Amino acid sequence: MATKPDLDFTYTTIDQIFRLSIGEMGDYSGAFFKGDFSMSLEKAQLRKHQFIAESLNIHRGSKVLDMACGWGPFLNYVRKLKATGTGVTLSTGQAAACKKNGLDVHVMDCRYISPETFGEFDAVTCIGGLEHFCSVEEYKQGKQDEIYTNFFQSVSNLLPVGGRFYMQTMVFSKNMLPLEKISVDAGKNSDSYVLALMIKEFPGSWLPYGDGQVIKNASPFFKLISKSSGRLDYIETIKRWRRKFRQFHLKKYYYYACLIPRFLTDKEFRHQVAVFKVSPNKVCFERETMDHFRFVFEKI
Ligand SMILES: C[S@@+](CC[C@H](N)C(=O)[O-])C[C@H]1O[C@@H](n2cnc3c(N)ncnc32)[C@H](O)[C@@H]1O
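Residues numbered from 1 in each chain as written. Predicted model: local features only at pLDDT ≥ 70, side-chain atom pairs only at ≥ 80, totals over all residues. Heavy atoms only, no water.

Counted according to the given criterion, the structure contains 18 salt bridges. Residues Arg19 and Glu24 are paired through a salt bridge, measuring 3.0 Å at the closest nitrogen-oxygen approach. Take Arg19: its relative accessible area is 13%, and that puts it in the buried class. Put simply, Lys282 and Glu286 hold a salt bridge, and the shortest N to O gap is 3.1 Å. Here Glu286 and Lys282 lie together in helix α15 (residues 280-286), a separation of four residues that amounts to about one turn. (Salt bridge = Lys/Arg side-chain N within 4 Å of Asp/Glu carboxyl O. Buried < 20%, exposed > 50% of the residue type's maximum accessible area, 1.4 Å probe, protein only. Helix = DSSP H or I, 4+ residues; strand = E, 2+ residues; numbered from the N terminus.)

Structure, rendered in structure tokens:
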């Protein structure tokens, strides 16, 4: 899985820049435009929160666990419903920002939360976290199914029978290349290069193969209530993010400037910064090397 240093590399490095671009408690996962791209990004993220809360029957007084909570957008929505939210992330920067914004967030590996940690919950969410649970090395060792099964088992332990779990995740899709064909030395416009950049952007992370692998590993513990592809919505989300990340803001541009010494001395970081020229995720969605799914599960 992606380790704490991996996740700090991906998320804590951009903590200030993210909050100045997308908002203090902004979402860093695909929004829910439902194909209506005249909608603002904020409205589409709100629509996602509403969809999740309705699907999981979250209401005043509900106890909710948000695994991989990022900067706390869904916890903030839960708070507005007067429900109780607990979040976990492995990024120190995200957790500090969440606490500053009055959210109950812990730096912890969500895969090992048991009923002894915080008790049981009425509903659990994991919005864009599964992507990080299996590393390339673990995939090579054939451990991917085992990792996902163990994860679904621990989520199931936190819920009563009939309790619901929402997750959304990127997955590999029909045009995915074999791992050995992926290389940063490949031609700059090739799938091979773009996938290699994605691996650099998210070190320690490898995706499930289609919605099928996710559903198969959930099935001993959960029945599937609904599923939809968010691929096109994610492409639109990324386009909007990129505009916001570029928008001029003096303090933000100061933070960008602070990254220059690291850019000059750290090769891995230079690969990560390459994503400012091309968004590997967006290209992967467009070329269908990747897809994205939203799942509502119910504990059996
Ligand atoms: C793409 S962000 C999504 C954040 C948030 N859910 C949202 O929608 O804005 C991925 C998040 O997964 C978290 N994460 C990844 N692996 C984790 C783990 N094993 N335990 C806890 N958090 C994890 C990262 O720290 C980060 O907050």
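Let us keep going from here.
With that settled, consider the environment of Phe33. Here Phe33 lies in the loop between α2 (15-22) and α3 (41-55). Phe33 sits 185 residues away from Ala218 along the chain, and the two C-alpha atoms are 26 Å apart. Among residues more than four places away in sequence, those in contact with Phe33 are Met39, Ser40, Leu41, Ala44, Arg47, Asp233, Glu236, Thr237 and Arg240. (Contact = heavy atoms within 4.5 Å.)

Okay, the nonpolar core next. Grouped together as the largest cluster of nonpolar side chains are 41 residues, with contacts concentrated most on Phe172, Ile182, Trp206, Trp241, Phe245, Phe285 and Met290. Of all the secondary structure elements, the ones that give two or more residues to this core are α1 (4-12), α2, α3, β5 (164-172), α9 (191-201), α11 (231-246), α12 (250-258) and α15. By residue number, the principal contributor to this core is α11, which donates five residues. Sequence-distant contacts of Trp206, that is, excluding residues within four places in its chain, are made with Glu131, Cys134, Ser135, Val136, Tyr139, Gln144, Tyr148, Phe172, Met176, Leu179, Ile182 and Ile199. (Core = buried A, V, L, I, M, F, W, Y, C linked by side-chain atoms within 4.5 Å.)

Quick look at α11 now. Across its 16 residues, α11 extends 23 Å between first and last C-alpha, which sits within 8% of the 22 Å expected from 1.5 Å per residue. Considered for burial, the residues of α11 that qualify are Arg231, Asp233, Tyr234, Ile235, Glu236, Thr237, Ile238, Arg240, Trp241, Arg242 and Phe245. (Expected span 1.5 Å × (residues − 1).)

The next point concerns helix α4 (residues 73-80). In terms of burial, α4 is a largely internal element, six of the eight residues being buried. Listed as buried for α4 are Pro73, Phe74, Leu75, Asn76, Tyr77 and Val78. Elements that come into contact with the buried residues of α4 comprise α3, β1 (63-67), β2 (84-89), β3 (105-107) and β4 (123-127). Lys82 sits one or two positions beyond α4 and adopts a positive phi of about 65°.

Turning to its location among the elements, Ser21 is positioned in helix α2. One polar contact links Ser21 to Lys252, side chain to side chain, over a distance of 3.1 Å. Apart from the residues lying within four places of it in its own chain, the contact partners of Ser21 are Lys244, Phe245 and Lys252. (Polar contact = N/O pair within 3.5 Å; in protein donor to acceptor, adjacent residues only side chain to side chain.)

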